[in-house]
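One letter stands for each residue in the lines below.
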Amino acid sequence: MELRIAGVDKIYRGPVTALRGVSMTLHPGVIGLLGPNGAGKSTLMRIIATIAQPTAGAVYWNGVDTKRNPDKLRRVLGYLPQDFGVYPNLNPFEFLTFLAAAKGLDTKKSRRRIEELIDAVNLRGVATRPIGRFSGGMRQRVGIAQALLNDPELLIVDEPTVGLDPEERIRFRSMISELSGERVVILSTHIVSDVETTADEIALIARGCLLAYAPAKALVAEVAGKVWGVVLSDEDLAAIRRNYIIVSTTRRNGGVTARVVADGSPHPSAEQLAPTLEDAYMNRVLSYDGGSP
Ligand SMILES: Nc1ncnc2c1ncn2[C@@H]1O[C@H](COP(=O)(O)OP(=O)(O)O)[C@@H](O)[C@H]1O
Ligand SMILES: [Mg+2]
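Residues numbered from 1 in each chain as written. Chains lettered and ligands numbered in written order. Predicted model: local features only at pLDDT ≥ 70, side-chain atom pairs only at ≥ 80, totals over all residues.

(A) Representation of the domain arrangement of the chain within the structure. Partitioning the chain into domains gives domain 1 (3-219) and domain 2 (225-274). Its C-alpha centre places domain 1 at a distance of 37 Å from the equivalent point of domain 2. (Domains from an automatic or database assignment.)

Now the structure itself:
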């Protein structure tokens, strides 16, 4: 099982360059596609899902060009789009039955599969209630169930944690881990904690460019020994901001506590902190100038 993305560009009318020369090769496991809003995550996912075409470059599923032969990939694809709509009057059972029919799945097999999925995503207790009354988390579980109808080898979920409360978010993360195994799972998010523990590889994307494709550990190692905590006056903060990457600030009685990425100590009172994926992410994204003049 291999998904190869080779030199993909996407230019929308405008023109807006949404992707530039994105290349990476994905194998089974969870890949966290992490980047700020507008980075190009949904565009890349739509291209992989064969819903959109790249302006240049190509995507290969097990060596087959998905533009020439999209069916090879479509047959094994599960996709949860960012703007996933449901039919509010249908219950999960009816909705999944309808989609299975629309996807042309065998009726008898899909009936059994739907029963399994309703249990797998923990919707048994509400399987006969209309989806329109569900919470965000419950709806996302319906979304995941529909993406799993054909037991996909390639599962693409676009910002699945948006609109979830913290508890639902945690539950969703563990569900994704359970679903991995012998499939390629691509999960996009702009929230570092969604992928820092669940993803085998992080694909870091900003302004349409792939900045890194590596395990979270490797990215964190890049900022080891370079993360500092420092309490500053407002003037000092302004000076630090000009010279270093600031990951976050918190205002506390009279001063500002800043989390800073710097090769050496940025201030006499700075103390070294243990690096996190958030530090690595902010450092990579903020020091990337987009190659613009
Ligand atoms: N259909 C479209 N037409 C024109 N521009 C678009 C279209 N879809 C997305 N964009 C632009 O492409 C860039 C990437 O968008 P998107 O892929 O949605 O990013 P993300 O999912 O990371 O937030 C943004 O600048 C966005 O405004
Ligand atoms: Mg998006």
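(B) Inspection of the site of ligand 1 at higher detail. Y12, G14, V16, A18, G35, N37, G38, A39, G40, K41, S42 and T43 make up every residue found near ligand 1. At the level of secondary structure, the elements contributing two or more residues to the shell around ligand 1 comprise β2 (16-26) and α1 (41-48). Here the element with the most residues in the shell around ligand 1 is α1; it accounts for 3 residues. Across the shell around ligand 1, the residue classes break down as 4 nonpolar, 7 polar and 1 charged. (Near = placed C-beta within 6 Å. Helix = DSSP H or I, 4+ residues; strand = E, 2+ residues; numbered from the N terminus. Nonpolar A, V, L, I, M, F, W, Y, C, P; charged D, E, K, R; others polar.)

(C) Up close: the sheet that holds strand β9 (residues 201-206). Taken in spatial order, the 6 strands make up an open sheet running β6-β7-β8-β3-β9-β10, and their pairing is mixed. Two strands bound the open sheet, and with one partner strand each, they are β6 (77-80) and β10 (209-214). Across this sheet, the average inter-strand angle for adjacent strands is 15°, counted without regard to direction. Bridging between strand β3 (residues 29-34) and strand β8 (residues 184-189) involves 6 bridges; their strand directions are parallel. Bridge pairing in β8 places I31 opposite I186. In the packing of helix α10 (residues 277-287) onto the sheet, contacts are made with β3, β9 and β10, and the angle to β9 comes to roughly 30°. (Pairing = 2+ DSSP bridges. Axes fitted to C-alpha atoms, helices over the stretch in contact; angles between N-to-C directions. Contact = placed C-beta atoms within 7 Å.)

(D) Just the sheet that holds strand β4 (residues 56-61), in detail. The antiparallel open sheet is built from 4 strands, whose spatial order is β2-β1-β4-β5. Edge positions in the sheet fall to β2 and β5 (64-65), since each of these pairs with one other strand and no more. Judged from the 5 bridges that link them, strand β1 (residues 3-12) and β4 form a sheet pairing that is antiparallel. Note on β4: the bridge partner recorded for R4 is Y60.

(E) Representation of the environment of V285 in the model. Topologically, V285 is positioned in helix α10. Its 18 C-beta neighbours within 10 Å are what place V285 among the partly exposed residues. Note: C-alpha distance between V285 and A206 (79 residues apart in sequence) is 6.4 Å. Not counting residues up to four positions away in its chain, the partners in contact with V285 are P36 and A206. (Buried ≥ 20, exposed ≤ 12 C-beta atoms within 10 Å, placed from the backbone.)

(F) View of helix α5 (residues 136-147). Spanning 12 residues, α5 covers 17 Å between terminal C-alpha atoms, matching the ideal 16 Å at 1.5 Å per step. Among the residues making up α5, those that are buried are Q140, R141, V142, G143, I144, A145, Q146 and A147. Contact partners of the buried residues in α5: β6, α3 (92-102), α4 (107-120), β7 (154-158) and α6 (166-179). (Expected span 1.5 Å × (residues − 1).)

(G) Quick peek at the pairing of β2. In this structure, β1 lies alongside β2, joined through 7 bridges in antiparallel fashion. Within β2, the position partnered with Y12 by the bridge is V16. In this antiparallel pair of consecutive strands, β1 and β2, the connection spans 3 residues, and G14 shows a positive phi of 150°.

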